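# Commentary on secondary and tertiary structure
Chain residues, written in single-letter form:
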Amino acid sequence: QRCGPSSVSMMAEPVLRLGTRGSPLALAQAYETRRRLAEQFPDEVGKDGEGVQICIINTSGDMRLDKALSEIGGKGLFTKELDVALLSKEVDFCVHSMKDVPTFLPPSTHLETMLPREDTRDAFISP
């Protein structure tokens, strides 16, 4: 799904279009990014972040769950369509989990910022 009327947004005209995968982790990171933008820039994006439109984009990695990543192209499969949307200006920025980002980025793309890590000691261990 590309960024359009069915994407998650409350405003008639979004200020920013955020590209993300539709996985639970990706959406949690996208909503956290929107929340933090609203905290820092309430006049620009609204106090609840309604000016940030979350655009869910299906990636090759999401669609090819029947094979190992190494067999079909590696972890860039989870970012390729997002990169295309970014470079074609369908979205203004993307939120990725670093585990999905390839070592080499497409030209004209940059890693600008990262959310703070959660406490890594928070774990559940079971037999």
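Residues numbered from 1 in each chain as written. Predicted model: local features only at pLDDT ≥ 70, side-chain atom pairs only at ≥ 80, totals over all residues. Heavy atoms only, no water.

The next point concerns helix α5 (residues 80–87). Listed as buried for α5 are Glu81, Leu82, Asp83 and Ala85. Buried residues along α5 sit against β1 (16–20), α3 (60–63) and β3 (93–94). Within two residues after α5, Lys89 carries a phi angle of roughly 65°, on the positive side. (Buried < 20%, exposed > 50% of the residue type's maximum accessible area, 1.4 Å probe, protein only. Helix = DSSP H or I, 4+ residues; strand = E, 2+ residues; numbered from the N terminus. Contact = heavy atoms within 4.5 Å.)

Together, Met98, Leu105, Leu111 and Met114 give the surface a local cluster of nonpolar side chains, amounting to about 370 Å² of exposed area. Met114 sits in the exposed class, given a relative accessible area of 54%. (Patch = residues over 30% accessible without salt bridge, like charges linked within 9 Å, V, L, I, M, F, W, Y side chains within 5 Å. Areas by Shrake-Rupley, 256 points an atom, 1.4 Å probe, with all protein chains shown as cover. Salt bridge = Lys/Arg side-chain N within 4 Å of Asp/Glu carboxyl O.)

For helix α1 (residues 24–40), with 17 residues, the first-to-last C-alpha span of 24 Å sits near the 24 Å given by 1.5 Å per residue. For α1, the full list of buried residues reads Ala26, Gln29, Ala30, Thr33, Arg34 and Ala38. In this structure, the buried residues of α1 make contact with β1, α2 (42–45), β2 (52–56) and β3. (Expected span 1.5 Å × (residues − 1).)

Read these as geometric descriptors, not functional statements.
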